[in-house]
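# Coordinate inspection notes
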Amino acid sequence: MNKVLITGAAGFLGSHLCDKFIRSKYHVIGMDNLITGDLTNIEHLFANEHFEFYHHDVSKFVHVPGNLDAILHFASPASPIDYLKMPIQTLKVGSLGTHNLLGLAKAKKARMLIASTSEVYGDPLVNPQPEEYWGNVNPIGPRGVYDEAKRFQEAITMAYHTYHGVETRIVRIFNTYGPRMRVNDGRALPAFFSQAILNKDITVFGDGSQTRSFCYVDDMINGIFTLLHSDYALPVNIGNPDEISILQVAKEVLEMVENSSSNIVFKGLPKDDPKVRRPNISKAQDILGWNPTMGRKEGLQLTYQYFLNKLNK
Ligand code: UDP
């Protein structure tokens, strides 16, 4: 395998994937319509002769000249605030976009990896979540546009696999953090770091007892890279099972940010906000030999330095 198409290339995970594949001596075609992506994430790659960038919306017909060995579909708005602002685009990129890219994968005989999500488990009634759990999703709630697009994406990917014999991989991505997260995407860690750095109130939603399990971006990228090169076609959870309450994360961020005068304040809990989330990663461990290695303290420190720099402090 040597030529890959990465959609959502200017986004948080997409841009790190571009770096990983360039480092691994691939030719990389990055594609993004830039509605949530940021070209500064991949600016450093434009001078590389093995990197090309197409400004394109994958929910429209996708054309790539020549051969293609793999497609990694990472284009999508990916935070609750983005889904509220762009519900139709979120539905289209997960459904029409995935259909277009599966057609391209079939035509090119390329392997297709889709970025699915822990959101397919909804507000889970089982914790931790194994891949066999079918989830508890509200299709018409604010998160429905994302959750159902991703569930459809898994369904059509399996259909292309079984009916057309396309080689497919499905990664269910749990909360991931690190450099290149968007400062204002509304997610917990970008919000907490920028609030603490700018001495604003730290907004914890609900009473902060809801849990998440945060995976450092380098671990996530290694897991995805390993899954692509495996021969396993069923969904695989990739995430760090280090589960923590949101209030505790807010406290750790506040403690880490030097000389912050911020206070933690409590705001209303958004509708359908999952109460718990933690991946069961035994499949990733057994099938891929993958384990997260970055500890939370060190990962948060690297993320802090990134946000400090981004906010010009
Ligand atoms: N959250 C919060 N304050 C914020 C942003 C998010 O307390 O300013 C909470 C949010 O309600 C959720 C958790 O942090 O319970 C993680 O939110 P995020 O949007 O990062 O990810 P997701 O809910 O998709 O896991």
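The notes below deal with the structure included here. (Residues numbered from 1 in each chain as written. Predicted model: local features only at pLDDT ≥ 70, side-chain atom pairs only at ≥ 80, totals over all residues. Heavy atoms only, no water.)

## Quick notes on the packing of aromatic side chains
Following the criterion strictly, the structure yields 13 aromatic pairs and no others. Look at Phe-21 and Phe-225: their rings are 4.9 Å apart centre to centre, the planes differ by 55°, and that puts the pair in the tilted class. Placement of the pair is Phe-21 in helix α1 (residues 12-23) and Phe-225 in helix α6 (residues 217-229), with a sequence separation of 204 residues. Taken individually, Phe-21 and Phe-225 each receive the classification buried, so the pair is uniform in this respect. Note on Phe-193 and Tyr-304: the rings are 6.1 Å apart at their centroids and 10° apart in plane angle, and the pair reads as stacked. With a gap of 111 residues between them, Phe-193 in helix α5 (residues 188-197) and Tyr-304 in helix α9 (residues 296-310) connect regions that are remote in the sequence. Look at Phe-193 and you get buried, because its relative accessible area is 0%. Taking relative accessible area as the criterion, Tyr-304 reaches 3% and is therefore assigned buried. When the ring centre of Phe-225 is taken as origin, the NZ or CZ atom of Lys-20, which lies over that ring, is 4.7 Å away. (Phe/Tyr/Trp six-rings, centres within 6.5 Å; stacked < 30°, edge-to-face > 60°. Helix = DSSP H or I, 4+ residues; strand = E, 2+ residues; numbered from the N terminus. Buried < 20%, exposed > 50% of the residue type's maximum accessible area, 1.4 Å probe, protein only. Lys NZ or Arg CZ within 6 Å of the ring centre and 35° of its normal.)

## Topic: the packing of helix α3 (residues 87-108) against helix α4 (residues 144-164)
Two elements in contact, α3 and α4, have axes whose closest approach is 8 Å; the angle formed by their N-to-C orientations is 15°. On the basis of the axis angle, α3 is roughly parallel to α4. With respect to the hand of their crossing, α3 and α4 are arranged in right-handed fashion. In contact with Pro-87, Thr-90, Leu-91, Gly-94, Ser-95, Thr-98, His-99, Leu-102, Gly-103 and Lys-106 of α3, α4 contributes Val-145, Tyr-146, Ala-149, Phe-152, Gln-153, Ile-156, Thr-157, Tyr-160 and His-164. Residue classes in the contact of α3 with α4 are distributed as 9 nonpolar, 9 polar and 1 charged. (Axes fitted to C-alpha atoms, helices over the stretch in contact; angles between N-to-C directions. Parallel < 35°, antiparallel > 145°, perpendicular 65-115°, else oblique. Left-handed = near helix turned anticlockwise from the far one by under 90°. Contact = heavy atoms within 4.5 Å. Nonpolar A, V, L, I, M, F, W, Y, C, P; charged D, E, K, R; others polar.)

## Structural notes on α4
The end-to-end C-alpha distance of α4, which contains 21 residues, comes to 28 Å, matching closely the 30 Å that a straight helix rising 1.5 Å per residue would cover. On its buried side, α4 packs onto β4 (70-73), α2 (80-85), α3, β5 (111-117) and β6 (168-173). Immediately beyond the C-terminal end of α4, within one or two residues, lies Gly-165, with a positive phi of roughly 70°. (Expected span 1.5 Å × (residues − 1).)

## So, the pairing of β5
Buried residues dominate β5, accounting for 7 of its 7 residues. Neither face of β5 is exposed, since Arg-111, Leu-113, Ala-115 and Thr-117 on one face and Met-112, Ile-114 and Ser-116 on the opposite face are all buried. Two elements, β4 and β5, share 4 bridges in a ladder whose sense is parallel. Within the sheet, the bridge partner assigned to His-73 lies in β5 and is Ile-114. Of the strand pairs in this sheet, β5 and β6 are connected by 6 bridges, and their pairing is parallel. Pairing of Ser-116 across the sheet is with Arg-172, part of β6. Handedness of the crossover is the feature at issue here: the chain leaves β5, passes through α4, returns alongside β6, and the resulting connection is right-handed. (Pairing = 2+ DSSP bridges. Right-handed = clockwise from strand over helix to strand, strands pointing away.)

## A word on the environment of Val-137
Along the chain, the position of Val-137 falls in the loop between β5 and α4. Taking C-alpha positions, Val-137 is 8.1 Å from Glu-148, a pair spaced 11 residues apart along the chain. Leaving out residues up to four positions away in the same chain, Val-137 has contacts with Glu-119, Val-120, Tyr-121, Gly-122, Asp-147, Glu-148 and Arg-151.

## What about the pattern of salt bridges?
Taken as a whole and assessed by the stated rule, the structure comprises 17 salt bridges. The partner of Asp-242 in a salt bridge is Arg-296, and the shortest N-O contact between them spans 2.9 Å. Here the residue Asp-242 occupies a position in the loop between β11 (236-238) and β12 (243-245), and Arg-296 occupies one in helix α9, the gap between them amounting to 54 residues. With relative accessibility at 29%, the residue Asp-242 sits in the partly exposed group. The exposure class of Arg-296 is partly exposed, given its relative accessible area of 23%. Of the charged contacts in the structure, one is a salt bridge between Asp-272 and Lys-271, with a shortest N-O distance of 3.7 Å. Residue classification places Asp-272 among the partly exposed residues on the basis of a relative accessible area of 27%. Ionic contacts of the salt-bridge type, sharing partners, join the residues Glu-119, Arg-143, Arg-212, Asp-273 and Arg-277 into one network. (Salt bridge = Lys/Arg side-chain N within 4 Å of Asp/Glu carboxyl O.)

## Examining the nonpolar core
Core analysis: the largest hydrophobic core is formed by 64 residues, its most contacted members being Phe-21, Val-28, Leu-72, Phe-74, Phe-192, Phe-193 and Ile-224. No other element matches the 7 residues that α6 contributes to this core. Leu-68, Ile-71, Ala-75 and Val-166 belong to the second largest nonpolar core, which has 21 residues in total. (Core = buried A, V, L, I, M, F, W, Y, C linked by side-chain atoms within 4.5 Å.)

## Describing the side chain of Glu-154
By the secondary structure assignment, Glu-154 is in helix α4. Glu-154 has contacts with Ile-114, Ser-116, Val-120, Ile-170, Arg-172 and Pro-235, leaving out every residue within four places of it along the chain.

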